Amino acid sequence: MFSGDAIVLENPNSTQITLASTADSKKVKVTFPKVPYLGLWSKPLKEGFVCIEPWFGMSDFEDTNFKIMEKPGIQTLLPYQV
């Protein structure tokens, strides 16, 4: 499922996700704040974990133009803005 890379959900409609086992009735539910991206990933060929990460930005894509202000998910703040 994650052999290509992470699964990234843009502007997820929910603030929680539940992972359920297909082998038994075990489940894990993770709640998170409203975020622009939700990353789900695991290491290929390593079973036993899935990372669930609320993201506020994105890493570069293979076809990046290296212009930081055009990077997906970039956020800017004015000086002293919180």
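Residues numbered from 1 in each chain as written. Predicted model: local features only at pLDDT ≥ 70, side-chain atom pairs only at ≥ 80, totals over all residues. Heavy atoms only, no water.

1. Topic: the packing of aromatic side chains
As enumerated under the stated definition, the model contains one aromatic pair in all. Both rings, one in Trp 41 and one in Phe 49, keep their centres 6.1 Å apart while their planes meet at 90°; by these two values the pair is edge-to-face. Exposure remark for Trp 41: the relative accessible area of 25% places this residue in the partly exposed category. Using a relative accessible area of 33% as the deciding quantity, one classes Phe 49 as partly exposed. (Phe/Tyr/Trp six-rings, centres within 6.5 Å; stacked < 30°, edge-to-face > 60°. Buried < 20%, exposed > 50% of the residue type's maximum accessible area, 1.4 Å probe, protein only.)

2. Topic: the sheet that holds strand 5 (residues 51-55)
Strand order in the open sheet formed by three strands is 1-4-5, with antiparallel pairing between adjacent strands. Where the open sheet ends on each side, the last strands, each with one partner, are strand 1 (7-10) and strand 5. Shown here is a sheet whose adjacent strand axes are inclined to one another by a mean of 20°, direction ignored. (Pairing = 2+ DSSP bridges. Helix = DSSP H or I, 4+ residues; strand = E, 2+ residues; numbered from the N terminus. Axes fitted to C-alpha atoms, helices over the stretch in contact; angles between N-to-C directions.)

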